[in-house]
Amino acid sequence: MSVSQLYTKYTKVWIPDPDEVWRSAEIIKDYKEGDKRLHLKFEDDAIYEYPVDLKTNQLPFLRNPDILVGENDLTALSYLHEPAVLHNLKVRFLESNHIYTYCGIVLVAINPYEQLPIYEQDVIYAYSGQNMGDMDPHIYAVAEEAYKQMARDEKNQSIIVSGESGAGKTVSAKYAMRFFASVGGSANETNIEEKVLASSPIMEAIGNAKTTRNDNSSRFGKYIQIGFDKRYHIIGANMRTYLLEKSRVVFQAEDERNYHIFYQLCASASLPEFEDLALTCAEDFFYTSLGGETTIDGVDDADDFEKTRHAFTLLGVKESHQMSIFKIIASILHLGNLEIQADRDGDSCSISKQDEHLNNFCRLLGVEHSQMEHWLCHRKLVTTAETYIKPMSVQQVVNARNALAKHIYAQLFNWIVEHINKALHTTVKQHSFIGVLDIYGFETFEVNSFEQFCINYANEKLQQQFNSHVFKLEQEEYMKEQIPWTLIDFYDNQPCIDLIEAKLGILDLLDEECKVPKGTDQNWAQKLYDRHSSSQHFQKPRMSNTSFIVVHFADKVEYQSDGFLEKNRDTVYEEQINILKASKYQMVADLFQDEKDSVPATPTVKGAAPKISVRSARPAVKAANKEHKKSVGHQFRNSLHLLMETLNATTPHYVRCIKPNDEKLPFKFDPKRAVQQLRACGVLETIRISAAGYPSRWSYHDFFNRYRVLMKKGEISKNDKKLICKTLLENLIKDPDKFQFGRTKIFFRAGQVAYLEKLRADKFRAATIMIQKTVRGWLQRVKYRRMRNAAITIQRYTRGHLARRLADHLRKTRAAIIFQKQYRMLRILHAFQKIRNATITIQAFTRGMFVRKIYHKILLEHKAIIIQKHARAWLARKHFLRFKCAAVVIQCYFRRMKARQELKKLKIEARSAQHLKKLNIGMENKVVQLQRKIDDQNKEYKHLNEQLSALTSAYSTDVEKLKKELEQYRQNRGDSNQLVNLKKEIESLRLELEKAHSERKIIEDTYDKEKDLFRKRVSDLEEENALLKQEKEELNKRILCQSEDEFAQNTVKENLLMKKELEEERSRYQNLVKEYSRLEQRYDNLRDEMTIIKSPGHRRNPSNQSSLESDSNCPSVSTSEIGDTEDAIQQVEDVGLDKAAMDMTLFLKLQKRVRELEQERKKLQTQLEKKKSQVIETKNEMDSDRDTDLAYNSLKRQELESENKKLKNELNELRKTIVDRVTQNNSSSDIQDSYTLLLNQLKSANEELEVRKEEVLILRAQIIKEAQQKETGKNMDSNINTYTSWPNSDKHVDAEDAIEAYHGVCQTNRKTEDWGYLNEDGELGLAYQGLKQVARLLEAQLQDQRREHEEEVETLKTQVETLRDEMEKQQQVFFQTLQLPPEAQVEFGIQQEITRLSNENLDLKELLEKLEKNEKKLKKQLKIYMKKVQDFEATQATAHTERKRHELTRQVTVQRKEKDFQGMLEYYKEDEPLLIRNLITDLKLQTVSATVPCLPAYILYMCIRHADYINDDQKVHSLLTSTINGIKKVLKKHNDDFQMTSFWLANTCRLLHCLKQYSGDTGFMTQNTAKQNEHCLKNFDLTEYRQVLSDLSIQIYQQLFKIAEGMLQPMIVSAMLESESIQGLSGVKPMGYRNRSSSMVDGDNSYSLDAVIRQMNTFHSILCDQGLDPEIIQQVFKQLFYMINAVTLNNLLLRKDVCSWSTGMQLRYNISQLEEWLRGKNLQQSGAAETMEPLIQAAQLLQLKKKTSEDAEAICSLCTSLTTQQIVKILNLYTPVNEFEERVTVAFIRNIQANLQERNDPPQLLLDYKYMFPVLFPFSPSSITMDSIHIPASLNLEFLNEV
């Protein structure tokens, strides 16, 4: 691939940055060769032009695809370089909170500065047995790999933990130790790890100190060897220390402290036992106050000192030795406070004899004061001739004092380490070991001295070993895969090592300079310049002549030569050591006793750690004197060589600890500090070596699955995947050097996987574009069709609208035309008419004018005529008027005269008429009205007259009729007095009728009054009932508030607690049984080994020894109290096997005691329930009394209403009869007689009805009450139920019959019968008498039954009281035992059992004495009869004997003929081993496959029943013991056979059920038939054996599940997480080095879900065929499904590669298949599906959206079965398989954590897949009778006889 193909647009690169070290940028323009600049854009959208050097053509590093970011293994990255490594670690640490990452063979561990929940015991179990590549990176994975290689290769292993101070080296080493102790240790051997952990406080106190980088920095290195035996169990440990920083004792830098032990001792100086030490606060001593601050925030030195003392005690250090240690430490502090006074000459000095600190120093160490005072200020010079004593200067004395203090502390440190090793030592031979090296890494400071030089020299050696090991592994990998390889040019630091340790190297020149009398640091530095100036690894600083630079593998380090010579000499004067040897304290003298023979003091190291305190493999040559002893550098070199020899002899595993920041803040990442440490610890060198070869490696199967999208359809159809992969790569990558085909894998150069990922992403992108194009086209077509249809619809409606509008327009146009036509026509018509009219007018006017002219002419003529006429007429009228006026005047005068006369007459008349008019004003209307009224009255009068006439006519006719009838009546009667009597009778009847009416009114009034009273009473009762209900509710509330709060809640809590304790006790008990079975098996194995070792022949156990001793909870000789197994066996052999085995009876009695305690707990629980029921019954009784009253009142009301209706009907009938008889003219005497008769009958009937009604009501109330009592009495004991009958003296009347009679009476009452029907033939009286007798009978029976019931209740109450007293006593005893400690509980239980047994023994002794007396009497009688028989036999000897024999044989034959098979099998005692062998130990399952399920259990029970029948307890005991031992033997022999184990689990449970079913206990006999009840045991109570069989069933169940777990567990992860149930869904991501060995070719050794389901089908069919109870089968599969859930979820939580969307889909499909299988097997009620709920929610979590806050709320509400840690872990692990998926953001995870803060989840992360639900064996009775069982001949049980 060319540069132009890689550096294209949108490609991301890394740019150097001074703050972030590396910064990501994106290319915004394609780069072409020859361009001087690369155009980039940063993530903050800033534009940057990166200059490109055309000479070197050095382009920036390419960034890996996002799909590869966050990988578990750095070698899985396609581009392997520093920025890729740094970015991957940063993403994993900050975004996913993963502190572990693989880098090839190195585990990189970043200190989180926070406690994480990833180190629990369940995590250890999850990593145990797993390949390194199968799980997420973890320190446990490295430890498991070391443990596995040790066991597989039988080669010693080493785990090298290195890093800076504060990087977490000690914690990592501690967790590795914990893993080895958990995986390689047993129950009684894990104390090795505990002892090592107990040594941690001691080593931290004497070897840790506060530095500027770490508050608890280890100032020494240690190498811990954990020894293993041949079985790879931990047997011991050994610790070697290196590089103790002695200089810290006498000097500390600013803000640093001395070793913790000094400050701890000063903080505890006020204790009374430390008064002799004369200590004060740490600020008062010179050696503890140099650093300034003497305390650490958050650290309590006094508390830590208590932990240190406790650890000393745990490791077996005596109190005297502890005080000696503290005295030595205190003496060092006093030594530092000596006041040295210089003399006048300056060449000598002295110490005051009164110096308090010197006195304390000498007193504490037990040395002579004067000598120590002298030799502290003087030294001895020895020459060939004589010896000189020379005084020393002040500086020399200070140096000597400091050297002495360092030497004392170093010797004390070595002594403590030696004693720790003694505590961890073992005498067992070590087969192999795993070493854990905790040593700090490369260090560089501003001022580097001799200490840093030694540390970096050691890291150079370790890095060389690391490089060679990495190169070796690469070479082995290439050779294994048969790939041609060339030497990889990796950094070889041998020249740097030669510079330091070779001849005339830095260390040699330093030793030579130390031998020179006047040697100085400057001279030594000048020699280094002269000698090594030409070396490429040595440089001289420009500005200094006393320092030098060494180019190490990690960085250049400048060392200051000042102090090198003094630190290398480490001079301690021999005279001072001799004084210490002569100490009066033995321990002080022992510290320096072998000083001359041992390796001298180890190197002082400042800042980190110089001297290796290790026992040399070769003893050093004794120096001639102190001047010629080995220097510190020489010792350090030898110790380092020994360490490298040890490491080279082992297989190393590397852990590099990284310190993310210097502020010690949790999850903060400083890129600068991280890069420095990555360079220093060799991680980047590993990357470089990997990148130089073929870093990316794929198996053919994984490569095919990942990149098959790049293949053609024809290529995929081929069967050879290797050939397909080769063809594909040859087509895609043209350069053959970029890849190599190995035997099982394909090897790629760096960057090729990224190129393939780019091609794959392009293919996916193209496919995505194609899919998007097609989908978008389809969507657009759908949209187009929708729009087209919408447009057509719109057009259709528009066109219709337009057409309608056009039609309307046309219609309107036509109308307009018509309007126009008519308008125009009208207008023209109007115009025509107007013209016409105008013309006519003109013509008219014209014609008129002419006519008027003619008219005027004629008029004039006519006027002239008229004038003439009028003139002539006027003259005639004038003449006439004159004559007329004269006539009128004459007439007027005449008429006036006449009028005056008339006027006078009128005036006279007018005066009278006007007066009348005034008086009669308004009377005219009244007159009119009166006239009208008169007319109306006249009409009415006429109408009334007509009616009157009609009535008179009718009356006359009636009178005539009555007269006729009277005449007829008189004629018929003939007597005139009869009518009077009839009238009287009618009047009397009227009076009686009126009385009846009045009585009826009275009755109605009384009825109404009674009805009103009854209503009032009912209302009052209802009000009282409401008030009572309110009071009841208030009382209930009070009772609930009080009793529930106090009594009920306490009892419920106690009940829940007792249930929980019972469940916990049951689970603990089952775990103990499981543990015991394992120990028993181990004991048997050891016993077999001992027998094989001691005796070559076969040794048989005594037959009378019971193997049931294993079930005992009490201590015995064979239990763990002995400690060592061989000692236990020896003790058993010494004591004797018969005595060593515990007696069965004691064990059974103890078990019986446990069972009795459990029964007492059940009794207490039942008593509590009874108390509750009593409270409820009292309430019910009150309610029932109220109900009975209400029932009585309601019945009475119904009776009264029915009676009232009947009375009304009867009165109406009486009226009808009276009227009919009156109308029929019957005789009055008959009517009166009948009426009086009816009244008398009515009165008598009413009286009898009242009496009967009261009795019936009382009877009803009593029957209702008894019925209620009967209903409530159903919950009482069976003894009370026996008295619920209705006894009578003559006959038995059942309660149900009485109730039927009552219902019959009610039915008769409900009939609507008239009085005639009731009184017909005297039936009313008979019915009344019968009802009266029935009522009396029922009342007598009720009274008798009540008395008997009360007597029975009193007896039961007395029994309950006695039982309650006994129960209270037992409860008190039980509570007393619970308050005692466990040992006292056992002793108290044994004492109680002994007292009970002693009482039973006394009772049995009394019975035995009685039986002996009876036996004596019977013997006497037998002797008398024997004498009589002998006398009788003397006379008839022969005949009598023959007859007797005949009778005996005949009797036997009669018995066999008469009696059938009784379900018992008889056998002889000597046939018992044969029975056990044929029926149990040698039984083949094929022989009983076609018979009744659990046939051996039935046969064994029939044998037990016969032994019970003959009352042979020894036979029962022996048979049951042999049966249990035989079953255990078979299970031990077939400990991996699921079918055999399930067979004996079914038979053991069936035998247990048979012992319960036929025990005679009524609780187990409820479902038995009468025939089965005959098969019950008669003589023995086998409750203890039932408990033993129950324990055995638990053991078999646990073994069954263990077998199933072993068969199913290897399939789970592969089937549930790895197999492709949905083909093509999952995608394989690029893997790193750790997955090379675990890759499977073509999926070999993998399992699918079908394999799991097939295995489950096999389990289910076997369990069903063996006849196992369905409840147990459900528990088995519930446990198996829980294991599937736990194993799958744990792997999901620990594997990043499976936390993806596709895995969630696969999981949901697989779970649905398992649920379908449960439904198919009818196991949905077992609770197995509920155990899968966490896994279901985890699968849903992988598929849910993870972006918004709504998504977070949905996740929180959905994932209720997952803990917060599990949810966050899955979200952190979620990894997109393709680059199109999005990662989960940190903000979203923080949102989830905020929403889940209120949850109180358990702290552990993983599920305990070894957890077992407490198994229950519910009682399941068999319907098979014993006499119906047939024994097949194939069992070879002919010696069994049917009884």
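Per chain, residue numbering runs from 1 following the sequence as it is written. Per-residue local features are limited, in this predicted model, to residues with pLDDT of at least 70; the limit for side-chain atom pairs, both in listing and counting, is 80 or more; totals at the level of whole chains, interfaces and linings are taken over all residues. Side-chain numbers here rest on the full set of heavy atoms in the structure, without hydrogens or water.

The next point concerns the overall build of the protein chain. Looking only at helices and strands, the protein chain features 52 helices and 26 strands. For the exposure calls, accessible area comes from a 1.4 Å probe over protein chains only, and a residue counts as buried if that area is under 20% of its type's maximum, exposed if over 50%, partly exposed in between. For the protein chain, with 1843 residues in total, the buried portion stands at 43%. Across the protein chain, the fraction of contacts at a sequence separation of at least 24, relative to all contacts at a separation of at least 6, is 74%. Put simply, the protein chain shows about 102,000 Å² of open surface, and 53% of that area lies on carbon and sulfur atoms. In DSSP terms, a helix is any run of H or I states spanning at least four residues, a strand is any run of E spanning at least two, and both are numbered starting from the N terminus. By the convention used here, residues are in contact when the closest approach between their heavy atoms is within 4.5 Å. Computed with the Shrake-Rupley method and a 1.4 Å probe, the accessible areas treat only the protein chains shown as cover for residues.

The next subject is helix H25 (residues 721-732). Taking 1.5 Å of rise per residue, the twelve residues of H25 would be expected to cover 16 Å, and the 16 Å separating its terminal C-alpha atoms lies within 8% of that figure. Where H25 is concerned, the buried positions are Ile724, Cys725, Leu728 and Leu729. Down the axis of H25, the buried side of the element spans an arc of 125°, and every buried residue falls inside it. Expected span, for any helix, means 1.5 Å times one less than how many residues it has. Our arc is simply the arc of the directions from the helix axis toward the C-beta atoms.

This next bit is on the nonpolar core. Here, nonpolar core refers to any group of buried Ala, Val, Leu, Ile, Met, Phe, Trp, Tyr and Cys residues whose side-chain atoms link them within 4.5 Å. With 324 residues, the main nonpolar core has Phe180, Phe262, Phe548, Ile1499, Leu1680 and Leu1692 as its most contacted residues. Top element by residues in this core is helix H44 (residues 1583-1618). It accounts for 18 residues. Among all residues touching Leu1680, those that are not within four sequence positions of it are Phe1601, Ala1604, Leu1608, Met1656 and Phe1659. Counting residues in each nonpolar core, the second largest holds 19 residues, with Cys725, Ile733, Val753 and Leu759 among its members.

Within this analysis, patches are made of residues with over 30% relative accessible area and no salt bridge. Like charges are joined at 9 Å or less; nonpolar side chains (Val, Leu, Ile, Met, Phe, Trp, Tyr) at 5 Å or less. The term salt bridge refers to a side-chain nitrogen of Lys or Arg lying within 4 Å of a carboxyl oxygen of Asp or Glu. The positive count covers Lys and Arg only, the negative count covers Asp and Glu only, and His and the chain ends enter neither. For the purpose of locating charges, the reference atoms are NZ of Lys, CZ of Arg, CG of Asp and CD of Glu. Taken together, the side chains of Glu254, Asp255, Glu283, Asp284, Glu293 and Asp297 make up a negatively charged region of the molecular surface. Along the chain, the position of Glu283 falls in the loop between helix H7 (260-267) and helix H8 (301-314). Under the relative-accessibility criterion, Glu283 is labelled partly exposed at 45%.

We describe a pair of aromatic rings using the distance from one ring centre to the other and the angle between the two ring planes. When the centres of two rings from Phe, Tyr and Trp lie within 6.5 Å, Trp using its six-membered ring, the rings pair. Their planes under 30 degrees apart give stacked, over 60 give edge-to-face, and anything left gives tilted. One pass over the full model with this rule turns up 41 aromatic pairs. With centroids separated by 5.6 Å and ring planes inclined at 70°, the aromatic side chains of Phe274 and Phe305 adopt a geometry described as edge-to-face. Here Phe305 lies in helix H8 and Phe274 lies in the loop between H7 and H8, a separation of 31 residues in the sequence. In terms of burial, Phe274 and Phe305 fall into one category: buried. Both rings, one in Tyr1811 and one in Phe1813, keep their centres 5.3 Å apart while their planes meet at 80°; by these two values the pair is edge-to-face. The partly exposed category is assigned to Tyr1811, whose relative accessible area is 37%. Accessibility expressed as a relative area gives 22% for Phe1813, which makes it partly exposed. Taken together, the ring pairs connect Phe450, Phe453, Trp524, Tyr529, Phe538, Phe548, Tyr559 and Phe564 into an aromatic cluster.

This part covers the pattern of salt bridges. With the rule as written, the count across this model stands at 29 salt bridges. Notably, a salt bridge pairs Arg63 with Glu43, separated by 3.5 Å at the nearest N-O pair. Taken as a pair, Arg63 in the loop between strand E5 (61-62) and helix H2 (82-95) and Glu43 in the loop between strand E3 (37-42) and strand E4 (47-51) lie far apart in primary sequence, 20 residues in all. By relative accessible area, Arg63 is classed as buried at 13%. One network of salt bridges, with partners in common, ties together Arg219, Glu245, Arg248 and Glu256.

Before going further, it helps to examine unusual backbone geometry. Backbone geometry at Lys664 places phi at a positive 60°, although glycine is not the residue there. Positive phi is not limited to glycine here, since Asn1836 has a value of about 60°. With respect to the element layout, Asn1836 can be found in the loop between helix H52 (1786-1795) and strand E26 (1841-1842). Residue Asn1836 is classed as partly exposed on the basis of its relative accessible area of 42%.

Now for the sheet that holds strand E1 (residues 12-17). Strand pairing is assigned whenever DSSP detects at least two bridges linking the two strands. Spatially, the five strands line up as an open sheet ordered E4-E3-E2-E1-E5, and their pairing is antiparallel. Unpaired on one side and paired on the other, E4 and E5 mark the two borders of the sheet. Strand direction decides the pairing type here: E1 and E5, joined by two bridges, are antiparallel. Its bridge partner being in E5, Trp14 is matched across the sheet by Phe61. A fitted line through C-alpha atoms represents every axis, and for helices the fit uses only the stretch in contact; the resulting angles, taken between N-to-C directions, go from 0 to 180 degrees. Sheet strands touched by H2: E1, strand E2 (21-27) and E5. Its angle to E2, the strand with the most contacts, is close to 100°.

Together, Ile771, Val775, Trp778 and Leu779 give the surface a local cluster of nonpolar side chains, amounting to about 400 Å² of exposed area. Residue position: Trp778 is located in helix H26 (residues 752-919). By relative accessible area, which is 49% here, Trp778 ends up partly exposed.

Looking now at the packing of helix H47 (residues 1701-1720) against helix H49 (residues 1733-1743). Following both chains from N to C, one finds H47 and H49 inclined at 150°, their axes separated by 8 Å at the closest point. Taken as a pair, H47 and H49 cross one another with a handedness that is left-handed. Counted together, Trp1701, Thr1703, Gly1704, Met1705, Leu1707, Arg1708, Ile1711 and Glu1715 of H47 and Leu1735, Ile1736, Ala1739, Gln1740, Leu1742 and Gln1743 of H49 form the full contact between these two elements. When grouped by side-chain class, the residues that make up the contact of H47 with H49 number eight nonpolar, four polar and two charged. Note on convention: near helix rotated counterclockwise from far helix by under a right angle means a left-handed crossing. Clockwise means right-handed. Amino acid classes used here: Ala, Val, Leu, Ile, Met, Phe, Trp, Tyr, Cys and Pro are nonpolar; Asp, Glu, Lys and Arg are charged; the rest, including Gly, are polar.

Only one face of strand E20 (residues 556-560) is buried, namely the one carrying Val557 and Tyr559, since none of Lys556, Glu558 and Gln560 on the opposite face is buried. By the bridge criterion, five bridges tie strand E19 (residues 547-551) to E20 in an arrangement that is antiparallel. From the neighbouring strand, Ile549 faces E20, where its bridge partner is Glu558. If you look at the hairpin formed by E19 and E20, you'll find four residues sitting between the two strands.

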